[in-house]
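Spelled out from the first residue to the last, the chains are:
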Amino acid sequence: MDIEDEGLTSEEEMCSSDDDISFDDPDETDSALTDDDNALVDEGAAAGDNALGVWMNIVGEDPGPLNVEFTVNSGPRIHLARDSDPIDYLQLFITNFSLDKIVTETNRYAQQWIEGHQDYLVQHPHSRVHSWIKQGTTNRAEIKAFLSLCINSGLIKKSAIHHYWDSTNPSQATPWFIERFNRDRFQLLLKFLHFADNELQPDPNSPDYKLYKVKEIADHFRNNFRNLYVPGEDISVDESMVGYRGKTPHLRQYMPLKHHARFGIKIWCVCDSHSHYTVNFEIYKGAHNEADRAEENVTHNLVIRLLQEPRLLYSGHHVGMDNYFSSPKLFLELYRANTKATGTVRSNRKGLPKAILKKTLPNNTTIERRKGPLLCSVYKDGGKRPVLLSTAAKGGFVDQRNARGVMKHKPAIVATYNSIMGGVDTTDARLYTYLSERRTMKWIHKLVFNLIGRCVLNAYIYKEHTSQRPIKDRHQFTVECVESLMGNYHPGKTPQKRRRAAAEREEGAGNEEMNIQPPDHDYQAAPPTCTLVRIGDGKRRQCMHRVHQTRKKTVWECSSCKVTLCPECFLPYHRVINMIQ
């Protein structure tokens, strides 16, 4: 959320009349406090939040909180050779372990499905699954080629999978897909693509049930994100949505303000505010226990967990967040962990100065209060009245250019918030530019393909910060990853589902006509002019009698009626015709 708006053009001074120089909550006033306008409470007077005293008005120049220095070296932790190709960076995130995991679980699930659907396969002899049985299991090279096609479908977007292999209209053809991968094999891999063993799935009442099918592969990607890169000083925490409207194990959320995807699976993300690298993420699966069901506890624990796991606390980072996460309690805990924070905050959060929340303000003015390192600001911006909280910003106004290059006069806390917030939203915008969002019935595919897209984006950002070679644009970087993943892979010879026409011609060689003798029955037989003859071009066509349980093609037709008929249907067909006539 960017607070900046066209109405944010004030040249007025901060609202600070004589009436404002007072304590906001008289009941909380400590008799030991002086009347000095700039007095701040002694932070070491007592333990906990009470040591910070009360919210006090700011008059004159705000000294701000004690400076928390950024103490780590940001950037990549592994530096590849100068002549490294894009695929070398991508393989830091999509490792052989993850590929082998996909191979193992896909083959396992295919075997489980085939063993559990024997009756179905007998009843459907033309199912694609029969070709899987004949061709055999998949391997790492094929999975890499499969991922190559999935990533490339984000660069070349079409409405349905089969359109990539459709060469009917030359203007819309994509010969690369046709030449490098078999369509039926691709759809079979999509059918059997798996990331965990179904037989080991926990009980539905277990907390691990919801994300079991993606947990191991998601944890692997998350560990790679954390261990390969140290973000800069400014980071942001926000939610991202993986658009999905199908059935999930109680994972689907509705967020009306997410215009890209209102329904879907929510992912909490920590991103670098400037490079937009995804440092950490957590897939939302609901409250973990009764103590977490209070919203303030959920968001408080979530932010601490997102920052603690990648070791972002005690390093001097500056965290930006929106009002869903912010609270005075959280900001103080982060400040004690040498981590600054700035964000909008909901006016009903505990610990805010209630007196200034109800005051009437002229347009483009602000009123601010400080309690120790905490700065709370209420800003009137047209019809908006955002409340902001920070342990990094100073009070007062600053001049800052907006996105259009126009100089604006705005509160310093607003300028600070705008400069660090939005990292996750910008990451999403970059991600969805080249992400294949094909509709699917399987939520695990939607989620894992989103994470693979983040791997490609992180690999590009990683290259930007390490490579000495000229930086390619992201489209070209992705194209080179696609071609490298495909490598020298070519589809093998696909087993034919049906006999070739040549085999049938050989079987019926020399039989240009087939005279069928009518059986001994009491209905009229075929007219004497009707005989079975071979189709002139020798191509197999579907039997027009259409009484077969499955599709049946033949090389025979009636010489008089010119109707394609198999030998078994020749007499029954003419019986029906005679009855109609």
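Residues numbered from 1 in each chain as written. Predicted model: local features only at pLDDT ≥ 70, side-chain atom pairs only at ≥ 80, totals over all residues. Heavy atoms only, no water.

### Side note on the overall build of the protein
Quick note on the threshold: The helix and strand labels rest on DSSP assignments: H or I over at least four residues marks a helix, E over at least two residues marks a strand, and numbering proceeds from the N terminus. Burial status follows relative accessibility: with a 1.4 Å probe on protein chains alone, a residue under 20% of its type maximum counts as buried, one over 50% as exposed, and anything between as partly exposed. Contacts are assigned to residue pairs with any non-hydrogen atoms lying within 4.5 Å of each other. Only the protein chains shown count as cover for residues, with accessible areas throughout obtained via the Shrake-Rupley method and a probe of 1.4 Å.
On a plain count of helices and strands, the protein comes out with 17 helices and 19 strands. Of all 581 residues assigned to the protein, the portion counted as buried reaches 49%. A separation threshold of at least 6 residues defines the contact pool for the protein, and within that pool the share at least 24 residues apart is 66%. Entry remark: accessible area of the protein is about 29100 Å², with carbon and sulfur atoms responsible for 47%.

### Examining the environment of F186
One can find F186 in helix α7 (residues 183–192). If near-sequence neighbours (up to four positions away) are discounted, F186 is found in contact with F146, L149, C150, I161, W165 and F181.

### Concerning the side chain of H276
Considering the arrangement of structural elements, one finds H276 in the loop between β6 (263–272) and β7 (278–283). Among residues more than four places away in sequence, those in contact with H276 are G423, T426, T427, R430 and I461.

### Quick notes on the pairing of β7
Counted only if it meets this: Only strands that DSSP links by at least two bridges are regarded as paired with each other.
Judged by how many residues are buried, β7 sits mostly within the fold: six of six residues are covered. Taken together, the five bridges between β6 and β7 define a ladder with antiparallel strand orientation. What sits directly across from W268, in β7, is E282.

### Some remarks on helix α8 (residues 212–228)
What counts, and what does not: Any helix carries an expected span of 1.5 Å times its number of residues minus one. Given a residue, its bend is the angle between the two axes fitted to the seven residues that end at it and to the seven that start from it.
The end-to-end C-alpha distance of α8 is 25 Å, a good match for the 24 Å that 17 residues give at a rise of 1.5 Å each. In the structure, α8 departs most strongly from a straight axis at A218, where the bend amounts to approximately 25 degrees. Among all positions of α8, only Y212, V214, I217, A218, D219, H220, F221, R222, N224, F225, R226 and L228 are buried. Lining the buried residues of α8 we find β2 (75–76), α1 (86–93), α2 (96–116), β3 (229–230), β7 and α14 (443–464).

### Some thoughts on the confidence of the model for the protein
Defined as follows: The predictor rates its confidence in each residue with pLDDT, a number between 0 and 100.
Mean pLDDT over the protein: 81, with 81% of residues reaching 70 or higher. Note that pLDDT drops below 50 for residues 4–48; the model gives that stretch 86 contacts with residues more than four away or on any other chain. In this model, residues 497–524 is a region of pLDDT below 50 whose contacts with residues beyond four sequence positions or in other chains number 40 contacts.

### Here we look at the pattern of salt bridges
In plain terms, the rule: Salt bridges are defined as contacts in which a side-chain nitrogen from Lys or Arg sits within 4 Å of a carboxyl oxygen from Asp or Glu.
Using the criterion set out here, one finds 17 salt bridges in the structure. Note that E239 is salt-bridged to K258, the shortest N-O span being 3.9 Å. Highlighted residues: E239 in strand β4 (residues 234–243) and K258 in the loop between β5 (252–254) and β6, separated in sequence by 19 residues. A residue is classified by how much of its surface remains accessible, and E239, at 11% relative accessible area, is buried. The exposure class of K258 is buried, given its relative accessible area of 17%. The network of salt bridges with common partners includes K101, E105, R108, D197 and E216.

### Section: a positive patch on the surface
Which entries qualify depends on this criterion: Patches draw on residues past 30% relative accessible area with no salt bridge. Two like charges within 9 Å are joined, as are two nonpolar side chains (Val, Leu, Ile, Met, Phe, Trp, Tyr) within 5 Å. Neither His nor the chain ends contribute to the count of charged residues, in which Lys and Arg are positive and Asp and Glu negative. Where a charge sits is defined by one atom per residue type, namely NZ (Lys), CZ (Arg), CG (Asp) or CD (Glu).
Where like charges cluster on the molecular surface, the positive patch consists of R245, R252, R262 and R439. Tracing the chain through its elements places R262 in the loop between β5 and β6.

### Some details on unusual backbone geometry
We note that H250 has phi near 60 degrees; this positive angle belongs to a residue other than glycine. Inspection of the secondary structure assignment puts H250 in the loop between β4 and β5. Under the relative-accessibility criterion, H250 is labelled exposed at 68%. For Y314, which is not glycine, the phi torsion reads 60 degrees and is therefore positive. Considering the arrangement of structural elements, one finds Y314 in the loop between α9 (295–308) and β8 (318–321).

### What about the nonpolar core?
Going by this rule: Within this scheme, the nonpolar core is defined by two criteria: the residues are buried Ala, Val, Leu, Ile, Met, Phe, Trp, Tyr or Cys, and they are joined through side-chain atoms within 4.5 Å.
If you look at the biggest cluster of nonpolar residues, it comprises 113 residues, and the most contacted ones within it are F146 and L307. For this core, the leading source of residues is α14, giving 14 residues. Listed in part, the 13 residues of the second largest apolar core include C530, C543, C566 and L571.

### Some details on the environment of P373
Within the secondary structure, P373 is located in the loop between β10 (365–371) and β11 (374–380). Given a relative accessible area of 3%, P373 falls into the buried group. Between the alpha carbons of P373 and P65 there is a distance of 4.6 Å; along the sequence they are 308 residues apart.

### Remarks on helix α12 (residues 412–420)
Most of α12 sits inside the fold, with eight of its nine residues counted as buried. Positive phi shows up at G422, right after α12, with a value of about 105 degrees.

### A word on the pairing of β8
Because side chains alternate across β8, one face comprises the buried residues H318 and G320, and the other comprises V319 and M321, equally buried. Sheet analysis places β4 next to β8, joined by three bridges and oriented parallel. Looking across to β8, one finds that I235 is bridged to V319. Direction of pairing for β8 relative to strand β9 (residues 340–344): parallel, over a ladder of four bridges. When the bridges of β9 are listed, M321 appears paired with G343.

### Overview of the packing of aromatic side chains
As a reminder, the rule being used: Think of it this way: a Phe, Tyr or Trp ring, Trp meaning its six-membered ring, pairs with another when their centres are within 6.5 Å, and the plane angle makes it stacked under 30 degrees, edge-to-face over 60, tilted otherwise. Cation placement over rings: the criterion is NZ of Lys or CZ of Arg within 6 Å of the ring centroid and within 35° of the ring normal.
Overall, the coordinates contain 24 aromatic pairs when judged by the stated rule. Between the aromatic rings of Y109 and F192, the centroid separation amounts to 6.1 Å while the plane-to-plane angle is 65 degrees, which identifies the pairing as edge-to-face. Of the two residues, Y109 is situated in helix α2 and F192 in helix α7; the sequence distance between them amounts to 83 residues. Each member of the pair, Y109 as well as F192, carries the same accessibility label: buried. Each member of the aromatic cluster is reached from another via a ring pair, and the members are F146, Y164, W165, W176, F177, F181, F186 and Y489. Cation over ring: R222 sits above F281, and NZ or CZ is 5.1 Å from the ring centre. A cation sits over an aromatic face here: K266 above Y324, 5.9 Å from the ring centre.

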